[in-house]
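# Commentary on secondary and tertiary structure
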Amino acid sequence: MFKADIAAVSRHTAQVQGVWVRPDRRGLGIATGAMAAVVDYALRLAPSVSLYVNDFNRPARRLYERLGMRQVGTLSTVLF
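In this text the structure is predicted, and so the values were computed from the model without any measurement.

Moving on, we come to the nonpolar core. V16, M35, V49, L51, L63, Y64 and M69 are the most contacted members of the largest nonpolar core, which has 15 residues in total. Contributions of two or more residues to this core are made by β2 (14-21), α1 (30-45), β3 (49-51) and α2 (58-66). With 5 residues, α1 is the largest single contributor of residues to this core.

It is worth spelling out the packing of α1 against α2 at this point. Each pair of packed helices gets described by two things: the angle between the helix axes and the distance between those axes. Look at α1 against α2: their axes get within 10 Å of each other, and the N-to-C directions meet at 50°. On the basis of the axis angle, α1 is oblique to α2. Note that α1 runs across α2; the crossing there is right-handed. On α2, the residues that touch A31, T32 and M35 of α1 are L63, Y64 and R66.

Looking now at α1. Relative to the 22 Å expected for 16 residues at 1.5 Å per residue, α1 spans 23 Å between its end C-alpha atoms, a close match to the ideal helical length. For α1, the complete set of buried residues consists of A31, M35, V38, V39 and A42. The buried residues of α1 occupy one face: seen down the axis, they fall within an arc of 100°. Against the buried residues of α1 lie β1 (2-9), β2, β3 and α2.

Next up on the list: the environment of F56. As for its position among the elements, F56 is in the loop between β3 and α2. In the structure, F56 is positioned 38 residues away from G18 in sequence and 16 Å away in space, judged by C-alpha atoms.

Tallied over the full model, the rule gives 3 salt bridges. Between R22 and D24 there is a salt bridge, with its nearest N and O atoms 2.7 Å apart. Between D40 and R44 there is a salt bridge, with its nearest N and O atoms 2.7 Å apart. Remark: R44 and D40 occur in helix α1; sequence separation between them is 4 residues, near one turn of the helix. Take D40: its relative accessible area is 41%, and that puts it in the partly exposed class.

Criteria and cut-off values
Residues numbered from 1 in each chain as written. Predicted model: local features only at pLDDT ≥ 70, side-chain atom pairs only at ≥ 80, totals over all residues. Heavy atoms only, no water. Core = buried A, V, L, I, M, F, W, Y, C linked by side-chain atoms within 4.5 Å. Buried < 20%, exposed > 50% of the residue type's maximum accessible area, 1.4 Å probe, protein only. Helix = DSSP H or I, 4+ residues; strand = E, 2+ residues; numbered from the N terminus. Axes fitted to C-alpha atoms, helices over the stretch in contact; angles between N-to-C directions. Parallel < 35°, antiparallel > 145°, perpendicular 65-115°, else oblique. Left-handed = near helix turned anticlockwise from the far one by under 90°. Contact = heavy atoms within 4.5 Å. Expected span 1.5 Å × (residues − 1). Arc of directions from axis to C-beta. Salt bridge = Lys/Arg side-chain N within 4 Å of Asp/Glu carboxyl O.

And the structure:
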């Protein structure tokens with residue numbers, strides 16, 4: 001029902017990616033506890049946790065804010 005990967009770990013941060021909740025289970029609060037557990041585990045590996053999230057993904061952004069995460073930058077992709 002929930003998936004997240006800790007993709008890279010350095011002495012500075014652990015990067016979470018691939019966060020996903022099964023579509024028919026979204027909005028039920030599953031990600032809150034599951035993502036909190038992922039962040040807790042990642043903080044045992046590195047002193048901070050980072051991730052990228054699309055600006056239009058409001059539900060995910062609200063979740064990350066509830067977990068104490070904050071935006072520290074903006075990334076843009078340029079396609080040729």
